[in-house]
Amino acid sequence: MKDLYLIYKNLTRNKLRLFLTCFAIFIAFFLYGLLGALKGAFDAGIELSADDRLIVVNKINFTQPLPLAYFNKVKAIEGVKDVSHANWFGAYFQDQRRPMVGMAVDPETYLQVYSELQLDEASLQRWFNDRQGMIVGEAMATTYGWKVGDRVPISSNIFSQADGSHTWDMVVSGIFTAEDKQLDTNYLLFHYKYFIETQTFGSDWIGWMVLTTDDPALNEQVAKAIDALFANSSSETETSTEKAFNKAFIEQIGSIGFILTSVVMAAFFTILLIVGNAMFLAIRERTREIAVMKTLGFTATRVFRLVLSESILLSLLGGLSGILVAYYTLEAVTSIPQIRSILPNLLLSKEIFLQALAYMLGLGLITGFVPAFRAMRLNTVQALTRG
Amino acid sequence: MNDQVLFELKGISKSFVKGKQEISIFKNLNMSINKGDFLAIMGPSGSGKTTLLNMLGGVDQPTKGDLLFGGDNISRYSESKLAQWRADHVGFIFQFYNLMPMLTAARNVELPLLLKNLNRSQRKKSIETALKLVGLEERAKHIPAELSGGQQQRVAIARAIVSDPDILLCDEPTGDLDRKTAVEILEILQLLNSEFNKTLVMVTHDPEAAKYASQTLHLDKGEFVEQELAV
Ligand SMILES: Nc1ncnc2c1ncn2[C@@H]1O[C@H](COP(=O)(O)OP(=O)(O)O)[C@@H](O)[C@H]1O
Ligand SMILES: [Mg+2]
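Participant: How do you make sense of the overall build of chain B when you look at a structure like this?
Facilitator: Helices and strands together make up the secondary structure of chain B, namely seven helices and ten strands. Taken against the 2.2 N^0.38 rule, which gives 17 Å for 231 residues, the C-alpha radius of gyration of chain B at 18 Å falls within 12% of a compact globule. The principal-axis extents of the C-alpha atoms in chain B amount to approximately 50 × 45 × 40 Å. The proportion of buried residues among the 231 residues of chain B is 54%.

See the structure below:
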């Protein structure tokens, strides 16, 4: 594009104005990047939980146990595809003040239900065959610097062994990843058998069950069947979708999403006014020059494009630098392990970036349209004689 | 070759509507300009000199009448076709130079070439030639603010001739310059006419400037009048 130099020169002719306008856009998109990532981190748990997974917990409270016998009973219910169970371990590594997510699970069925977890075949076999084996999410392995084959003592702040020890010896069998980068991999999974046979709380109990159905349309029916089956027993159940379960869990911070959206919208409208005004003034100052260009033979549409390109370039300049700085800020923040353990999904996703890009283009188009239109319609004769 | 008609104005009328009044500037104006002419147009302020020049350059349209350029009626052209026509055939030189303040002399001269299908090196060559012709090649990298009025006008002339137009339209090109600088500019214009066979139409109210032209027309109240004595 031959006009690019011209656009660039026009854009940079008033350095102070360029800086101030760019800075306003920069701040807005910096905030957009940060807040978007924050909102994404809160939402991730809800959004990424599969809607067709059902979770079965004790009706009294989800921290109350269920009998292991329920597992086979649920498996037999019509419409249930795969079912697995898990126990919350209350895990930590060396430092009790740094709790981490660790669950005792039935390996084979758990990986059937959570099919999005990726683990190579060798690791899989190692884990299945090693009673003390555990698999660790990539995020957690990175945080603690664990590699396959490492012997790691994992402690529990809930359970103890017969000798009074709170610590279990485990071996890293494999490191799993998730197909979707936003999926939380900041947890570890180990054998239910190892757990249940060594802890002193009781035998043959599980924390909760998770299952998939043959068809999401069957979910409600299956959930009712499960709860009906255990009604009036000593441990009644409550079955809901994983999404609903997680949502209830995160509901307390749910309104944060609304606040974030409001802040971002307010910032966007503010820069719309700032940038719109700056562009309007910049083009009005150049009325005579635009008239000269049209006299030289630049067509009205070309002049329109020139002005619009300038405002889009301005938006991209401020916006992209804002997003870039937000990205590196988030990288720095999430390199702190404490923050990563609270908000494992705090990252500037491709989705946020593309949304921001769309907003930048929108900003450029909206703020550039009126000046570009005026430049296009400018009466050359009047503009030349008046100046 | 020299008496080949380039421009023909046939029954041109031009009027403006000001409020509820219609102000007529030209009524049934006829004239023709031959290839290679150097025409000076003089006349009192407000007599319509600029308006005439604007119509010749296709920036302003007559209210009535035909403007024939090489036989084509350009008053019938659409706005975008007219813009293309200007880029191809017309060079403009203004009283106040009208250069882009943020562009260097070379980049200012380049502007009309952006409207042509030329690559960077072709453009560079044309720019060099044009700047050399006006004697400003060593100022190519300077922005207008770093140049004197005469130098700026020379850049403007280079911009006007860089795409090799058929006709140069000059609206009081020396109106803002001192005598010595004005002479320099006029000599360049004369050179363009005599050596490069460019057709020039120059509006001026300076009789000394008009002497450089091969023919002078006097415009008064929208009509060409005979001047008894050239002063
Ligand atoms: N856009 C316009 N609207 C109304 N009147 C105009 C316009 N442009 C020029 N005029 C009038 O037309 C007359 C001729 O103007 P102009 O061609 O600029 O004269 P000159 O260049 O000879 O001084 C003047 O009286 C001027 O006021
Ligand atoms: Mg005038």
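Participant: Even after reading the chapter, I still don't get the interface of chain B and chain A, so can you show me in this structure?
Facilitator: The figure often quoted for interface size is the accessible area lost as the parts come together. On the chain A side, the residues contacting the 27 residues of chain B number 23 residues. The largest share of the area that chain B buries against chain A comes from Met102(B), Leu114(B) and Leu115(B), three residues that together contribute 26% of it. In this structure, the connection of chain B to chain A is made through zero salt bridges. Viewed at the interface, chain A and chain B are joined by six residue pairs in polar contact (both at pLDDT 80 or more). Where the side of chain B that touches chain A is concerned, the elements lending two or more residues are α1 (49-56) and α2 (79-89) of chain B. With five residues, the top contributor of residues to the side of chain B that touches chain A is α2(B). Looking at the side of chain B that touches chain A residue by residue, the class counts come to 15 nonpolar, five polar and seven charged.

Participant: In this structure, what is going on with the confidence of the model for chain B? I would like to understand it.
Facilitator: Close reading of the predicted structure is inappropriate where its pLDDT is low. Averaged over all residues, the pLDDT of chain B is 92; the fraction at 70 or higher stands at 97%. Here the prediction assigns the complex a pTM of 0.71, and the interface score ipTM is 0.93.

Participant: Can you walk me through a nonpolar patch on the surface in this structure?
Facilitator: Residue and element names in this part refer to chain A. There is a patch of nonpolar side chains on the surface, built from Leu16, Phe19, Leu20, Phe23, Ile27, Leu31, Phe258, Ile259 and Val263 and spanning about 880 Å² of accessible area. Those elements giving two or more residues to the nonpolar patch turn out to be α2 (15-48) and α10 (255-285). Here the nonpolar patch takes six residues from α2, the largest share from any one element. With respect to the helices and strands, phenylalanine 258 occurs in helix α10. Overall, the relative accessible area of 63% leaves phenylalanine 258 in the exposed class.

Participant: Can you walk me through the environment of Asn129(A) in this structure?
Facilitator: Residue and element names in this part refer to chain A. Mapped onto the elements of the fold, asparagine 129 is located in helix α5 (residues 121-129). Since its relative accessible area comes to 62%, asparagine 129 is described here as exposed. A sequence separation of 48 residues divides asparagine 129 from lysine 81, and the C-alpha atoms of the two residues are 25 Å apart.

Participant: How should unusual backbone geometry be read in this particular structure?
Facilitator: With glycine set apart, most residues show a phi of negative sign, and most peptide bonds adopt trans. All names here are of chain B. Even without being a glycine, tyrosine 97 presents a positive backbone phi close to 60°. Of note, tyrosine 97 is situated in the loop between β6 (90-93) and α3 (105-110). For tyrosine 97, a relative accessible area of 8% gives the class buried. In this structure, lysine 221 is a non-glycine residue whose phi angle is positive, near 50°.

Participant: Can you walk me through the packing of aromatic side chains in this structure?
Facilitator: Any two aromatic rings considered together are summarised by their centre-to-centre distance and by the angle between their planes. Residues and elements named next belong to chain A. Under the criterion given, the structure shown has 32 aromatic pairs over all chains. On the basis of an interplanar angle of 15° and a centroid distance of 6.0 Å, the ring pair of phenylalanine 23 and phenylalanine 26 is categorised as stacked. You can see phenylalanine 23 and its partner phenylalanine 26 sitting in helix α2, three residues apart, about one turn around the helix. Taking relative accessible area as the criterion, phenylalanine 23 reaches 42% and is therefore assigned partly exposed. You can call phenylalanine 26 buried: its relative accessible area is 19%. Here the aromatic rings of phenylalanine 93 and tryptophan 146 are separated by 5.1 Å at their centres, their planes lie at 90°, and the arrangement is edge-to-face. One end of the pair, phenylalanine 93, is in the loop between β4 (91-92) and β5 (99-105); the other, tryptophan 146, is in the loop between α6 (138-144) and β8 (151-156), and 53 residues separate them in sequence.

Participant: Sorry if this is basic, but what is going on with the site of ligand 1 here?
Facilitator: The environment of ligand 1 is made up of Gln382(A), Phe16(B), Ile25(B), Pro44(B), Ser45(B), Gly46(B), Ser47(B), Gly48(B), Lys49(B), Thr50(B) and Thr51(B). Looking at the residues close to ligand 1, they fall on chains A and B. Contacts to ligand 1 include Ser47(B), whose backbone N or O atom sits 3.3 Å from an oxygen atom. At 3.1 Å, a backbone N or O of Gly48(B) approaches an oxygen atom of ligand 1. For ligand 1, whose unbound accessible area comes to 560 Å², protein coverage reaches 71%. Ranked by the residues each element gives to the shell around ligand 1, the list is headed by α1(B), at three residues.

Participant: It is not clear to me how the environment of Tyr70(A) should be interpreted in this structure. Could you clarify?
Facilitator: All names here are of chain A. Along the chain, tyrosine 70 turns up in helix α3 (residues 69-75). Note: C-alpha distance between tyrosine 70 and asparagine 129 (59 residues apart in sequence) is 25 Å. When near neighbours in sequence (up to four residues on either side) are disregarded, tyrosine 70 contacts Met209, Phe230, Ser233, Ser235 and Thr237.

Participant: For this particular structure, what's the right way to read the sheet that holds strand β2 (residues 21-34) of chain B?
Facilitator: Strand pairing in a sheet takes place through backbone hydrogen bonds and is either antiparallel or parallel in direction. Residues and elements named next belong to chain B. Across the sheet, which stays open at both edges, the four strands sit in the order β2-β1-β4-β5 with antiparallel pairing between neighbours. At either margin of the open sheet sits one strand with a lone partner, and together these are β2 and β5 (72-73). Summarising the sheet, strand β1 (residues 5-18) and β2 pair through ten bridges and their orientation is antiparallel. Paired with serine 15 across the two strands is serine 24, which belongs to β2.

Participant: Whenever I open this one, the side chain of Lys14(B) confuses me. Can you help?
Facilitator: Inspection of the secondary structure puts Lys14(B) in strand β1. Among the polar contacts listed, one links the side chain of Lys14(B) to the backbone oxygen of Gln61(B), at a separation of 2.7 Å.

Participant: Where do I start with the environment of Phe62(A) in this structure?
Facilitator: With respect to the helices, strands and loops of the structure, Phe62(A) is situated in the loop between β1 (53-58) and β2 (66-67). Sequence separation between Phe62(A) and Val101(A) is 39 residues; the distance between their C-alpha atoms is 16 Å.

Participant: Would you take a moment to explain the domain arrangement of chain A for this structure?
Facilitator: In terms of domain boundaries, chain A breaks down into domain 1 (2-46 + 254-385) and domain 2 (65-234). A separation of 47 Å is found between the C-alpha centroids of domain 1 of chain A and domain 2 of chain A.

Participant: What am I meant to see in the packing of helix α1 (residues 4-11) of chain A against helix α12 (residues 300-334) of chain A here?
Facilitator: Pairs of packed helices are described in terms of their axes, by the angle between the two and the distance that separates them. Residues and elements named next belong to chain A. For the pair α1 and α12, interaxial distance at closest approach is 9 Å and the crossing angle is 60°. By the criterion of interaxial angle, the relationship of α1 to α12 is oblique. Considering how the two elements wind past one another, α1 and α12 form a crossing that is right-handed. In contact with Leu6, Ile7, Asn10 and Leu11 of α1, α12 contributes Leu306, Ser309, Glu310, Leu313 and Leu314. Among the residues making up the contact of α1 with α12, the classes are represented as six nonpolar, two polar and one charged.

Calculation criteria
Residues numbered from 1 in each chain as written. Chains lettered and ligands numbered in written order. Predicted model: local features only at pLDDT ≥ 70, side-chain atom pairs only at ≥ 80, totals over all residues. Heavy atoms only, no water. Helix = DSSP H or I, 4+ residues; strand = E, 2+ residues; numbered from the N terminus. Rg over C-alpha atoms; globule rule 2.2 N^0.38 Å. Buried < 20%, exposed > 50% of the residue type's maximum accessible area, 1.4 Å probe, protein only. Contact = heavy atoms within 4.5 Å. Buried area = accessible area lost by both parts, 1.4 Å probe. Salt bridge = Lys/Arg side-chain N within 4 Å of Asp/Glu carboxyl O. Polar contact = N/O pair within 3.5 Å; in protein donor to acceptor, adjacent residues only side chain to side chain. Nonpolar A, V, L, I, M, F, W, Y, C, P; charged D, E, K, R; others polar. pLDDT = per-residue confidence, 0-100. Patch = residues over 30% accessible without salt bridge, like charges linked within 9 Å, V, L, I, M, F, W, Y side chains within 5 Å. Areas by Shrake-Rupley, 256 points an atom, 1.4 Å probe, with all protein chains shown as cover. Phe/Tyr/Trp six-rings, centres within 6.5 Å; stacked < 30°, edge-to-face > 60°. Near = heavy atom within 4 Å. Pairing = 2+ DSSP bridges. Domains from an automatic or database assignment. Axes fitted to C-alpha atoms, helices over the stretch in contact; angles between N-to-C directions. Parallel < 35°, antiparallel > 145°, perpendicular 65-115°, else oblique. Left-handed = near helix turned anticlockwise from the far one by under 90°.

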